[in-house]
Each structure stands twice: as structure tokens, then as C-alpha cells.
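# Breakdown of the fold
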Protein chains: 2
Amino acid sequence: MPRTLDKQARKAQLAEAVWDVITDLGIAAVSVRSVADRAGVVVGSLRHVFPTRTDLVTFSAELMVQRVQQRLAATERTDDPRVDAVEQLRHLLPLTEQTRVEFEVTIALIAESVAEPALTEIRDVAHADLSRLCTELAERLTGRPRDENTERAGRRLHALVDGLAMQLLHQADEVDGEWAVAMVREEVDNLYRTRELGEH
Amino acid sequence: MPRTLDKQARKAQLAEAVWDVITDLGIAAVSVRSVADRAGVVVGSLRHVFPTRTDLVTFSAELMVQRVQQRLAATERTDDPRVDAVEQLRHLLPLTEQTRVEFEVTIALIAESVAEPALTEIRDVAHADLSRLCTELAERLTGRPRDENTERAGRRLHALVDGLAMQLLHQADEVDGEWAVAMVREEVDNLYRTRELGEH
DNA sequence: GCCGCACTAGCACGAGTGTGCTAGAAAGGG
DNA sequence: CCCTTTCTAGCACACTCGTGCTAGTGCGGC
């Protein structure tokens, strides 16, 4: 086998360049040339890994979803389901530089998905996963099996987190966003309280 | 004065063509040519009204915000603040073809605003207006003057509506979305209940 | 009538786009 | 050593883009 490079690392490097361009110049500025420049690579090399622009942007979308899910899975568990829930949901809010980038990129990809069918599927899967997570959290918090109540609670939690994310995006970077976390905690505590009600 | 056309109507016609293109092909496909084609007008005519692309898209953003606010203002009042609140908030959810278009366009404009500073301002103003509406609704529902409690309730309401909108967008067109309205109603009823608590 | 301006129609240019293609460089296996 | 395969580098083509510009067209006012 002749000279071979770490293809996964190269792909990740290019995907990160895509995110850079999106946050700096917007999704419209994402072209094979701009991304190659940003990654410090010539167009030919980029196209050796991603033959078309669609390949490039769909991969960066997939990697983004994957990264978020890894982070979600990596939050360690405690014996208090409330703490766990808040800790996981916190990772979905644009509170840090990283999560802020993630959210901006997500918005851009949603906007682009009208023209790029492959993105629609990625987005749908990610959304369904998030929805499932929220429902599971609701089950764990209330201590009840899945029924229409826990499902509704899960959807509500999901909506709250998405809406708070939207609001944090409109808020300047330096302003503190812990009020949003407090609001999530409140919702989580409310769900937990119904469990205590049932146990009594 | 030589031959003169209704400039406002022409601008609106072109703005609607912009929305059409966004929902069909995505924001990336919005060009002076595609929009002129969609509106059944030659590029020269479009450019007589909107000299640059930026003028075109900022105006369509402004018109969109204006339309939504007109509809909000046009919802007639009853003597029950709960009914009023739900009726107004319903207009912010992508439940009909029209509101669905509005939401998709909003997403597209958010994505584009990274590259187009004028859009950022429009978006910020619209978001602040919506935030104010939600706070006012919270005040009216609880029957309390503005304080940190009603403000938090307003933010919560706002987040819920935005999040539900996001979820409805991911839901196929034909599926019923009244569950989201029910969730809004639930939240509104909860706020109203704290008023009864205070009155007792 | 006919003058003047709002409007229509479209050409032209330079820049940027995605992608097909080819030629060279580099590195591991024989 | 050389040979094969991966990767790099870049040219070329057809196309779209925004915008500057000019020539025509038709209507309202005099």
C-alpha cells in the first residue's frame, strides 16, 4: 500500500473548516474552494476525499450530529436523575463557544436542507434521537413507563430546550445564560415531583 | 408625472416571489434572476425597484415580520385572556400553509443573516417584539404587574412556542398539529391558575 | 400634439461556482 | 532498485452570480 493518510482525520479537519466558514461567512459562502482554503488544503486534495460539494456538507452535518451524541453519551451518571437530566440537556443549549457554533451550524443546515435532500434525512434522524432522549428522561424522572403522559412530557421538554436555545442565540455572547439552565431545572424538578406524588 | 405603478404592490409581489423561491429551492437559490422569473418580471424591472440583492431580501424580511405582526394585532379580543392568548400564539405556530412558509422563511433568513448584517437587525427587532408580547400575555394572564416572575413566565412561554414551532416543522404536513396548541393552552391555563390563587 | 420621466428590456463584464480531467509527487511493497 | 497506488496540484469548461450600463417604450402633464 503506497502512501496513505488518516482519511478520517482529514475528513474531520475539512468538516471543521466547513463549520468555520458557516459561522464566519454563512452557509452561502461554503464552496469547495473556500473550505479548502480554510483547511489549508488545495481543492484537488479536498475533492480526493469529498468528490462533490454535497459529499462535503453532508459529511460535516453527520459529524456534527455524531459529536453531539458522543458528548451526550459521555456525561457521567449520578444517583439523582434530576442532576443527570439537567446535565445532559445543558449540552444542547448554546452556552459555550462550541455549543454556540453547533447551534448556528444546525440552523444553517436546516436552511440548506430544502435544496439538499440528504440533509433532510440527517436532520430528521437527529431530531428523532433528541425526541427519544427527552421522552426517556421524562420516563426516568417520573418513574413511570412510557404512556401518553410521559410522551407529552418529553415533547414538552424537547420544545422547551429548543426554544431556549433559540432565545440564547439571540442573546449576546457575554451575557450569562444560566437563567435558561435554571428554567430547564425547574421543568425537570416538576417532573420529578410527580414521581414523589405517586410514591406517597 | 409619467406612467407610474403601485410601487408598494410591486415590492410585495417581489417579496412573495422571494418566499416562494426560499420554500421551493432554499435561500441559496434566491438571486435577482430567479426571483424576477418567479414574479414574471424581467431583471431590469426588479432592479428598478430593488437596486441590489440586499435591498430585495431585506425588504422581504421586513414585510414578513410586518405581516405576522398585523395578523397578531388583528386577532379580536374576547373577555377571556386565556382564549386571547392561545389565539394569538396559535398564529406563531406553523400549522397552516401560510404560517409554515413564514417559519421556513424565518429560518432561512436567520441562516443568511450571518452574511447580511441588515437581516440581523430585523431579526433582533422581531425577536424582541415577540418577547414583549409573551411577557405582556403573562402579565395579563396572571393579573400581576411586571416583575421577575412574569418576565420569567413570558420567556418560558416564548421558548415553548418557538420550540413547538421547531417540532411542528419536522412533522409531515398532513399530520395534525393540534397537540401543540393543546400544550400552549395548558401552559396558558397554568398561568391563569396562579391568578385565581392570588385572588382567593 | 410632444416632452419628460418612470419603467422595461437586455447586453456585458468580471468574479465565483462545481466538476471533469490530467500530470506530477511521494511513499510503501516487491 | 522500481512499480503501483494514493494523494497533490492545478488547468479548463460551462454556468450562474451581482451589477453597471444603455437603448427602447409608454403614459401623464403641458
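Each remark here, short or long, concerns the structure printed above.
The text that follows walks through the structure, step by step, so that each part is easy to find. The model shown is predicted, which means the values in this text are computed figures rather than measured ones.

### Considerations on the packing of aromatic side chains
Any two aromatic rings considered together are summarised by their centre-to-centre distance and by the angle between their planes. Residues and elements named next belong to chain A. What the rule picks out here adds up to two aromatic pairs over all chains. Plain terms: the ring middles of Phe50 and Phe59 are 5.4 Å apart, the flat faces sit at 45 degrees to each other, and that makes the pair tilted. Residue Phe50 shares its accessibility class with Phe59, and that shared class is buried. Between Arg82 and the ring centre of Tyr192, over which it is positioned, the NZ or CZ distance is 4.2 Å.

### Quick notes on the interface of chain B and chain A
On the side of chain A, 34 residues touch chain B, which itself brings 34 residues to the contact. Overall, the association of chain B and chain A removes approximately 3,000 Å² of surface from exposure, summing both partners, and the carbon and sulfur fraction of that is 64%. Considering only the side of chain B, the residues that lose the most area to chain A are B:Arg156, B:Gln167 and B:His170, jointly responsible for 22% of the buried surface there. Run the count over chain B and chain A and you get two salt bridges. A salt bridge links A:Glu187 to B:Arg156; the shortest N-O distance between them is 2.7 Å. Applying the counting criterion to the chain B and chain A interface returns six residue pairs in polar contact (both at pLDDT 80 or more). Those elements that provide at least two residues to the side of chain B that touches chain A are helix 1 (7-25), helix 6 (97-112), helix 7 (117-142), helix 8 (148-169) and helix 9 (178-199) of chain B.

### A few points about the pattern of salt bridges
All names here are of chain B. Scanning the entire structure with this criterion turns up 31 salt bridges over all chains. Measuring nitrogen to oxygen at the nearest pair gives 3.9 Å for the salt bridge that ties Glu116 to Arg53. Taken together, the positions of Glu116 in the loop between helix 6 and helix 7 and Arg53 in helix 4 (residues 53-74) put the pair 63 residues apart, joining distant regions of the chain. Note on Glu116: relative accessible area 12%, which makes it buried. Since its relative accessible area comes to 27%, Arg53 is described here as partly exposed.

What counts, and at which threshold
- Residues numbered from 1 in each chain as written.
- Chains lettered and ligands numbered in written order.
- Predicted model: local features only at pLDDT ≥ 70, side-chain atom pairs only at ≥ 80, totals over all residues.
- Heavy atoms only, no water.
- Phe/Tyr/Trp six-rings, centres within 6.5 Å; stacked < 30°, edge-to-face > 60°.
- Buried < 20%, exposed > 50% of the residue type's maximum accessible area, 1.4 Å probe, protein only.
- Lys NZ or Arg CZ within 6 Å of the ring centre and 35° of its normal.
- Contact = heavy atoms within 4.5 Å.
- Buried area = accessible area lost by both parts, 1.4 Å probe.
- Salt bridge = Lys/Arg side-chain N within 4 Å of Asp/Glu carboxyl O.
- Polar contact = N/O pair within 3.5 Å; in protein donor to acceptor, adjacent residues only side chain to side chain.
- Helix = DSSP H or I, 4+ residues; strand = E, 2+ residues; numbered from the N terminus.

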